[in-house]
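Here is how the chains run, residue by residue.
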Amino acid sequence: MTRFSVFALGLLCSGQALAAGLTVSAASSLTNAFRELAPLYEAQHSQTKIQLNFAASGALLQQIAKGAPVDVFASADQVTMIQAQEQGLIKADQRRNFVSNSLVVIVPLQSRAAPASLDDLTTPAFQRVAIGLPASVPVGRYTKSTLEKVGLWAAIEPKMIGSQNVRQALDYVARGEVDAGFVYGTDAAMMADKVRVSFTVPTEAPILYPIAPVAGSSNAEAAQSFVEFVSSDEAAAVLAKYGFGKP
Amino acid sequence: MTQAWIPLALTLKVAGWATLLNLFLGVTTGYVLARKRFPGRDLLDAVLTLPMVMPPTVLGYYLLVLLGRNGPIGEWLVSNFGINLIFTWQAAVVAATIVAFPLTFKAARASFEVVEPQYEQAARVLRVGELALFFRVTLPLAWRGILAGLLLSFARAAGEFGATLMVAGSMPGKTQTLSIAVYEAVQAGQDDLANFLVLVTSVTCIAVLLAAGRLMPGRVPGQS
Amino acid sequence: MVWDVHLRKRFETRKHHFELDVSFQSNVRRLVLFGPSGAGKSMTLRLIAGLETPDDGHVQLNGTWLFNRQQKISLSPQQRGLAYVFQDYALFPHLTVTQNIAFGLRRGLFNPRRNFQHETVTRWIEAFHLESVANQYPEQLSGGQRQRTALARALVAKPRALLLDEPFAALDRQLRLKLRQELNELLDRVEIPLILITHDEDDVAALADAVISIENGRSGSVTTLGR
């Protein structure tokens, strides 16, 4: 019985206590790329252990705003980072853009109907379209502003199936639950076996991802060093593998 | 702040239907498991209790796979009835019913087990048929425990989030229930709206519990 | 023959093994099954009432088959038309005395209402002196009142036979004497066959036309008594 109690106690208390931790909150679309970048960074900085946290940029911002112990924030759009800056949550002088991305419309792989343009989405062939929630998901914001610019938002919004983050939109399309979806080019590449890209959406401004150390970080040095690493050529090569472009 | 009323109405509608479904499913299942002996009865009980202990997102995932357009049940529904459940309020009802089902059926089973079989036997000898004696003898003696289970069921159904999000999505006016609305308001940094939604949810829950307390009569003579 | 009964049933749990093998034929009006606790008397009565099913055998009452394994006859308890009084009376706790007594008169999905009026019910309430407690609930009654209510409930539906399971076991000696006498008078009036089970010899002496001993699941022969 005592052996079991010691074991249980050990489980409860387990966790890294040795290396200094660096918590990185990154947009969902960066999931796979950052999972490859983190060990690369750790190999070069053995005293640092990286904890990755992925969600929609809006959700990540709220966590930081409410005091979550995050050290680095990488968002999928400028709007969220500007909000972070306005709230004094990031170190504005170290903020920089590190990749670019594209907005694409995808359909399920076996689907016969494939829209050639945004106008096609207004036809009855497309009943359900997966779009990230504009209030908190950058890909949704890009989609909404682009559609508004061409006057198609009113026609397409009723068909919108809102997703909590871009990966959920991707999943809906992969599963065939929706007829089409708006995701990043990099996400479409991740599931090439289940979805196919119909066309790339021309956005008004290029899609640029910013990254910055968080103001309240307890590990400012490592945070800055990670931000610089992500902007390096070495990291750019890894990111390019996943379809991210130069900023 | 009118944004709160639509999710509230939707939550009550979804939870209401889920509880009604559980009234029939849970009471029937509870009765069968309480009264009938058969091999594997305990195993069946455990399996039926699973939705209560399973993480809602896991449950939601199973439901999505089963009910989705390419899933076994979903495909059958689409090809035979042209019905796609995903992203409908009916899917939210399915999710809410399943997660809340164990609460009803376990309470029902326990309540029926406490009713002495002798009462049912006495009714039989007095020539009252099986269905009639269930409504005249068994249920009146078991209903308070069942009602307690139903209330818990309702609360669980109203608060259901994980599984609902997966199969019903979040569509304002159609499937965006209160818990999902709160979640999204927080994600979007709309704290005022989040606070208001949380307040509405809390007041509603308290009101339901108070009303239920009123409904329960005083001690039935002869019962403890 | 009033009763022609042959019952065989085997009970197996992980720990115990019990075999019931009871047979008797009787022409008398008042039959008593006598034996110690655990002998199988209650089980015999339940099998006769149809509350449990025997593995083999037959039950015939006044020429009518209630159960016959060979002929594949097995009437449900609802169809047997018997009256059964349980050892602790099994009065419905959520119904008043009147509603309990009237219970068998309503076959539908609803219980008799609290203000239910019926000639037969009133007659029995008066016969058993239950007027003062007619609207009370079983938990408010004394032991004797409960027993009488249970009897009234059983008799209201004009049963073919009366089965009593240790009717006086829960009562004190004084009450037992009184109620035995009442039962005797009642049986004189009602004229339906009775099977009563008991472990009390005084019950046998006071009530039985014939007695059968039951021990360890086996029945002895029928002993007729001059009463």
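Fair warning: this is a prediction, and the values are worked out from it, not measured in the lab.

## Regarding the overall build of chain A
Scanning chain A for helices and strands turns up 10 helices and 10 strands. Its C-alpha radius of gyration of 20 Å places chain A within 12% of the 18 Å reference for a compact globule of 247 residues. By principal-axis analysis of the C-alpha atoms, chain A measures approximately 65 × 50 × 35 Å. By residue count, 45% of the 247 residues in chain A fall in the buried class. Counting only contacts in chain A whose residues sit at least 6 apart along the sequence, the fraction spanning at least 24 positions is 77%.

## Some details on the arrangement of the chains
Across the 2 pairs of chains that are in contact, the largest number of contacts falls between chains B and C. In this assembly chain A lies apart from chain C, the nearest approach of their C-alpha atoms being 31 Å.

## Some words on the confidence of the model for chain C
All names here are of chain C. Looking at chain C, pLDDT values average 90 and 99% of them are 70 or higher. At the level of individual helices and strands, chain C shows its lowest average pLDDT in strand β11 (residues 218-224), which scores 84, and its highest in helix α3 (residues 97-102), which scores 95. Interface confidence for the predicted complex, expressed as ipTM, amounts to 0.91; the pTM equals 0.77.

## Some remarks on the interface of chain B and chain C
Across the boundary between the two partners, chain B contributes 20 residues, which contact 23 residues of chain C. Elements with a contribution of two residues or more to the side of chain B that touches chain C: α6 (117-125) and α7 (130-159) of chain B.

## Focus: the domain arrangement of chain A
Residue and element names in this part refer to chain A. Along its sequence, chain A is organised into domain 1 (2-100 + 208-241) and domain 2 (101-201). Using C-alpha coordinates to define each centre, domain 1 is positioned 28 Å away from domain 2. Contributing elements (two or more residues each) for the side of domain 1 that touches domain 2: α2 (31-44), α3 (57-65), α4 (78-86) and β4 (96-101). Broken down by element, the residue count for the side of domain 1 that touches domain 2 peaks at 3 residues, all from α3. Looking at the side of domain 1 that touches domain 2 residue by residue, the classes come out as 8 nonpolar, 9 polar and 1 charged.

Conventions adopted
Residues numbered from 1 in each chain as written. Chains lettered and ligands numbered in written order. Predicted model: local features only at pLDDT ≥ 70, side-chain atom pairs only at ≥ 80, totals over all residues. Helix = DSSP H or I, 4+ residues; strand = E, 2+ residues; numbered from the N terminus. Rg over C-alpha atoms; globule rule 2.2 N^0.38 Å. Buried ≥ 20, exposed ≤ 12 C-beta atoms within 10 Å, placed from the backbone. Contact = placed C-beta atoms within 7 Å. pLDDT = per-residue confidence, 0-100. Domains from an automatic or database assignment. Nonpolar A, V, L, I, M, F, W, Y, C, P; charged D, E, K, R; others polar.

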